[in-house]
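# Structural features, examined
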Amino acid sequence: MTDDTQPPVAAAAADPQIVRAELADWVRGHWDPDLPLRDWRELLLESGWAVPSWPRRWYGCGLPGWADELVAAELVRLGAVGIPVGSGTWLAAPTILAHGPDQLRERLLRPILTGEETWCQLFSEPGAGSDLAGLSTSAVLDGDTWVVTGQKVWNTSAHHADMAMLLARTDSSVPKHQGITYFALPMKQPGVEVRQLRQMNFHASFNEVFLTDARVPRDNVIGAVGRGWAAALTTLGYERRFASLQRPSYSPAAGRALDEARAEADRHFATYSWYPQRAGRPDLVVEHARTAGVAADPVIRQAVARLITLYRVSAWTAERARVARAAGARPGAEGSIGKLAASNVARESARVHSMIAGAGALLTGPDSALGGVIAEVLMSVPGQSIAGGTDEIQKNILAEKVLGLPAEIRVDRDVPFSQIKGRG
Ligand SMILES: Cc1cc2nc3c(=O)[nH]c(=O)nc-3n(C[C@H](O)[C@H](O)[C@H](O)COP(=O)(O)OP(=O)(O)OC[C@H]3O[C@@H](n4cnc5c(N)ncnc54)[C@H](O)[C@@H]3O)c2cc1C
């Protein structure tokens, strides 16, 4: 990091106004829309503005957690570009930062933050979703390489990812949570076969991934061998916190860095184009009731008011989580509460849209309810209460970890994985 690129005051200040002013100063001196995007992001990394809450050694400047969102928003407002949005930056990078080791931080963080390498998450398996620790994909060390065999499923964006967060079993002789290792798996290799799954809402955002003697370099272990569960919990914590990611609204101005950033966002968000519908589109309910001519119907009015109340309360829960995050808190109960609230809003919203549209809610095509959006809502909403941990699992977490209620009976927790019927 050179003196020229260091933010001189911001690192010492915990004041948003000073951070904004420092950033604006730095952007004025360095932003060049004609740079290749990668060169611009290299500057950002060196300056410490890439992820300002991270340590100086890792592309940050040691600011409190709130600075990350503030700086990302300010960069876009100033007409510039920040780090990419994707599971590399919101899941893999914080997990690697938290669990290391340094040689992986050194090798993997930079290409994630410049956007050169995109990531996907290979956690779920046909027999291990909610019971993630029951996974049976195995990794065996052969000289300097781990050889991985098994099947993963529901893996969003695996069809275009360069790298994967992979959980695999490296020891079956110990209880299930203890024999798991977290790997950084290179996706573009002969042992990795990705098959896209066609969904009932006509999108194809996730995949089956077949691993047949896939190779992982010996040192690509995030955390330590056999300690993958702790790192997996970090990833899942971040996943609940950032249940919906916003597309940055880059300046429409000309310039190579901006063109490349817009193309990158187009590629990334194509996969997620149905996610607003998955959230139920409560934002469209009032307009829908008005255009359908039923806004004065007393039953519909009650249903709309109830939904919007739930939606606002859920937004406040999300705001509470955002503030806790900004204050530097680790992922906590608010992630599970927010995720459950989002499921309730989505379901209720789908119900209210259906009340308004009647049987027409099922129609697709340009002359259907809101141009087919409502039909897509109905088919997408179930995914909201499954992705990132189902509603029932969030309730179990809240019951046990927050309310201190008795734990679920778990008969397979303390026995060696190889002795669990149907697993080992
Ligand atoms: C849109 C979307 C994107 C996804 N992206 C990814 C991804 O990128 N990478 C990835 O690895 N996975 C991904 N998933 C998979 C997701 O994590 C799993 O679907 C989820 O964890 C549930 O697992 P399962 O589907 O095997 O259901 P199961 O675990 O088989 O659950 C079936 C039902 O049983 C209930 N149940 C299970 N156990 C309990 C219990 N102990 N107590 C009470 N009820 C229980 C569940 O709540 C559910 O209703 C994605 C899923 C969706 C919908």
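Residues numbered from 1 in each chain as written. Predicted model: local features only at pLDDT ≥ 70, side-chain atom pairs only at ≥ 80, totals over all residues. Heavy atoms only, no water.

Once that is clear, we can look at the packing of helix H11 (residues 333–357) against helix H12 (residues 373–384). For any two helices packed against each other, one specifies the inter-axial angle together with the distance between the axes. Look at H11 against H12: their axes get within 9 Å of each other, and the N-to-C directions meet at 155°. Our classification of the angle between H11 and H12 gives roughly antiparallel. Crossing hand, H11 versus H12: left-handed. Residues Lys-339, Ala-342, Ser-343, Ala-346, Arg-347, Ala-350, His-353 and Ser-354 of H11 pack against Ile-374, Val-377, Leu-378, Val-381 and Gln-384 of H12. Here the contact of H11 with H12 is composed, by residue class, of seven nonpolar, four polar and two charged. (Axes fitted to C-alpha atoms, helices over the stretch in contact; angles between N-to-C directions. Helix = DSSP H or I, 4+ residues; strand = E, 2+ residues; numbered from the N terminus. Parallel < 35°, antiparallel > 145°, perpendicular 65-115°, else oblique. Left-handed = near helix turned anticlockwise from the far one by under 90°. Contact = heavy atoms within 4.5 Å. Nonpolar A, V, L, I, M, F, W, Y, C, P; charged D, E, K, R; others polar.)

Here the structure, examined in full by the defined rule, presents nine aromatic pairs. Seen from their ring centres, Trp-26 and Trp-40 are 5.5 Å apart, and the 40° between their planes marks the pair as tilted. One end of the pair, Trp-26, is in helix H1 (residues 16–30); the other, Trp-40, is in helix H2 (residues 37–47), with 14 residues separating them in the sequence. Across this residue pair, the class does not change: Trp-26 and Trp-40 are buried. Each member of the aromatic cluster is reached from another via a ring pair, and the members are Phe-269, Tyr-272, Trp-274 and Tyr-275. The ring of Phe-210 has Arg-195 sitting right over it, with the charged end atom 4.3 Å from the ring centre. Its guanidinium or amino end placed over the ring of Tyr-275, Arg-278 lies 3.9 Å from that ring's centre, counting from NZ or CZ. (Phe/Tyr/Trp six-rings, centres within 6.5 Å; stacked < 30°, edge-to-face > 60°. Buried < 20%, exposed > 50% of the residue type's maximum accessible area, 1.4 Å probe, protein only. Lys NZ or Arg CZ within 6 Å of the ring centre and 35° of its normal.)

Among the nonpolar cores identified, the biggest contains 61 residues, and Trp-40, Ile-96 and Trp-119 are the most heavily contacted of them. Every residue in contact with Trp-119, bar those within four places of it in the chain, is listed here: Ser-87, Gly-88, Ala-92, Ile-96, Leu-108, Ile-112, Ala-161, Met-163, Ala-164, Met-165 and Ala-184. Within the second largest apolar cluster, 19 residues are counted, among which are Leu-122, Ala-139, Ala-158 and Leu-211. (Core = buried A, V, L, I, M, F, W, Y, C linked by side-chain atoms within 4.5 Å.)

For Thr-137, the location among the structural elements is in the loop between strand S1 (119–122) and strand S2 (138–142). Overall, Thr-137 belongs to the buried group, its relative accessible area being 1%. A distance of 2.8 Å separates the side chain of Thr-137 from the side chain of Glu-125, its partner in a polar contact. Ignoring sequence-local partners within four residues, the contact set of Thr-137 consists of Glu-125, Val-148, Thr-149, Gly-150, Gln-151, Lys-152, Leu-167, Ala-168, Arg-169 and Leu-211. (Polar contact = N/O pair within 3.5 Å; in protein donor to acceptor, adjacent residues only side chain to side chain.)

Here the focus is the site of the ligand. The environment of the ligand is formed by 21 residues, the closest being Ser-124, Ser-130, Trp-154, Thr-390 and Glu-392. Phe-123 places a main-chain nitrogen or oxygen 3.0 Å from an oxygen atom of the ligand. Side-chain polar atom of Glu-392 to an oxygen atom of the ligand: 2.6 Å apart, as the coordinates give it. Surface burial for the ligand is 69%, taken as the share of its 990 Å² of free accessible area covered by protein chains. For the shell around the ligand, the elements supplying multiple residues, two or more each, are helix H8 (275–278) and helix H13 (391–402). (Near = heavy atom within 4 Å. Areas by Shrake-Rupley, 256 points an atom, 1.4 Å probe, with all protein chains shown as cover.)

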